[in-house]
Protein chains: 2
Amino acid sequence: MQTVKPIPNERQALTPYVIVKDAAKAIDFYKKAFGATEVFRLTEPQGSKIGHAELRIGDSLLMLADEYPDFGALSPSSVGGSPVSLHLYVDDVDHLVERATSAGATVLRPVKDEFFGDRIGTIVDPFGHKWQLATRKE
Amino acid sequence: MQTVKPIPNERQALTPYVIVKDAAKAIDFYKKAFGATEVFRLTEPQGSKIGHAELRIGDSLLMLADEYPDFGALSPSSVGGSPVSLHLYVDDVDHLVERATSAGATVLRPVKDEFFGDRIGTIVDPFGHKWQLATRKE
């Protein structure tokens, strides 16, 4: 009998699932900005909409898909904002903010040292998702 | 010389950061619904607002805070929805959906077997955040 792990080994329990307008373009952006690698992409047989995709960023997964309004899957521009941001630890936050803005992101709060020992900057990606990029300093 | 790891060992690179109305109540809910454990809570010295909290759910972190409109930190009810959902692998999705609804969540899509081998249900928590609860079956 085959044993299936209910929580797959290769993925963390909790993964943010972001909805974007033009998921193919968003995947390109996340690769360029954050060095994401593509794990999986399910494109509609007709057309170019992506129903589900998975990227690896550092040790973590990010799931994403195009908008599907019938299922309540709406991107930040359709919702009018986002109540969830994506907190990402990286080796060098200054470098990554530069890289992300070169790729099209906008700085919301510039990088600075916080009292709890992390250096943090906040950006908005071209698809409206907010990222808190952080590097632990002490 | 002390060496500091820029990406802390005990946390994954990518963590969703959710904004809620009444973070103290949300922490209670996530404990009851998902078996979350509290890692950290920073409460304002004056008043009861939580500026930052961290919960562990399974092997993952969830960050959360109360609304801070001046910083663009708004919950789903203020934003009018969410373009990010939280995908959570658990040992027994049927049991967890039951537990979450008992704690106050609402079922958005009932649990069912999906063609890719996962059994998935979608709920909305009392604070407006969407969760896709999943258990791998094959």
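To keep things clear, this report deals only with the structure shown in the data block. Throughout, a residue's number is its position along its own chain's written sequence, starting from 1. The order in which chains are written sets their letters, starting at A; the order in which ligands are written sets their numbers, starting at 1. Local features are withheld for residues below a pLDDT of 70 in this predicted model, meaning they are given only at 70 or higher, and side-chain atom pairs are given and counted only at 80 or more; totals for whole chains, interfaces and linings count all residues. Only hydrogens and water are set aside when side-chain values are computed; all heavy atoms of the structure are taken into account.

For the pair chain A and chain B, the superposition axis carries a translation of 0.0 Å, the fit reaches an RMSD of 0.0 Å, and the rotation angle comes to 180 degrees. Both chain copies can therefore be described as sitting about a two-fold axis. The criterion used for residue contact is that any of the two residues' heavy atoms lie within 4.5 Å. The fraction of interface residues of chain A whose copies in chain B are also interface residues reaches 100%, indicating that both copies meet through the same surface. Our superposition of the copies is a least-squares fit, built on the C-alpha atoms of residues whose pLDDT is at least 70 in both.

What follows concerns the interface of chain A and chain B. Opposite the 51 residues of chain A that make contact, chain B presents 51 residues. A 1.4 Å probe defines the accessible area here, and the buried area is the portion of it lost by two parts on being joined, summed over both. Between chain A and chain B, a total of about 3,900 Å² is buried, with carbon and sulfur atoms accounting for 62% of that surface. Contact with chain B buries surface across chain A, with Leu14(A), Pro83(A) and Tyr89(A) losing the most and accounting together for 19% of the total. Counted as salt bridges are all cases of a side-chain nitrogen of Lys or Arg within 4 Å of a carboxyl oxygen of Asp or Glu. Counting the contacts that link chain A with chain B gives zero salt bridges. Counted as a polar contact is a pair of N or O atoms within 3.5 Å, where, for protein atoms, one must be capable of donating a hydrogen and the other of accepting one, and residues adjacent in sequence contribute only when both atoms are in side chains. Joining chain A to chain B, the criterion identifies 19 residue pairs in polar contact (both at pLDDT 80 or more). Going through the elements one at a time, β1 (14-20), β4 (60-66), α2 (76-79), β5 (84-89) and β8 (130-136) of chain A are the ones with two or more residues in the side of chain A that touches chain B. Residue type decides the class: Asp, Glu, Lys and Arg count as charged, Ala, Val, Leu, Ile, Met, Phe, Trp, Tyr, Cys and Pro as nonpolar, and the leftover types, Gly among them, as polar. Residues belonging to the side of chain A that touches chain B are distributed by class as follows: 27 nonpolar, 14 polar and 10 charged. At least two DSSP bridges between two strands are required for those strands to pair. Put simply, DSSP marks the helices as runs of H or I at least four residues long and the strands as runs of E at least two long, and each gets a number from the N terminus on. Across five bridges, the pairing between β5(A) and strand β1 (residues 14-20) of chain B is antiparallel.

In this section: the sheet that holds strand β7 (residues 118-124) of chain B. Spatial ordering of the open sheet is given by β2(A)-β3(A)-β4(A)-β1(A)-β5(B)-β8(B)-β7(B)-β6(B), a layout of eight strands whose pairing is mixed. Every other strand in the sheet has two partners, leaving β2 (37-43) of chain A together with β6 (106-113) of chain B as the edge strands with one partner each. When strand polarity is set aside, the average angle formed by the axes of neighbouring strands in this sheet is 20 degrees. Bridge count for β7(B) against strand β8 (residues 130-136) of chain B is seven bridges, and the pairing is antiparallel. Bridging from a neighbouring strand, Ile123(B) pairs with Trp131(B) of β8(B). Axis angles are defined between N-to-C directions and span 0 to 180 degrees, where every axis is a line fitted to C-alpha atoms and, for a helix, only to the segment in contact.

With that out of the way, let us pick up the pattern of salt bridges. Under the defined criterion, the tally for this structure stands at 12 salt bridges over all chains. Between Arg136(A) and Asp118(A) there is a salt bridge; the shortest N-O distance is 3.0 Å. Of this pair, Arg136(A) sits in strand β8 while Asp118(A) sits in strand β7 (residues 118-124), and the two are 18 residues apart along the sequence. In this structure, Lys112(B) engages Glu114(B) in a salt bridge whose closest nitrogen and oxygen atoms are separated by 3.6 Å. Categorising residues by exposure relies on relative accessible area from a 1.4 Å probe, with only protein chains included: less than 20% of the type maximum marks a residue as buried, more than 50% marks it as exposed, and the intermediate range marks it as partly exposed. Residue class for Lys112(B) comes out partly exposed when judged on its relative accessible area of 46%. You can call Glu114(B) partly exposed: its relative accessible area is 26%. Taken together, the salt bridges that share partners define one network made up of Lys31(A), Glu38(A) and Arg41(A).

Note that every value here comes from positions in space, so none of it alone points to a role or purpose.
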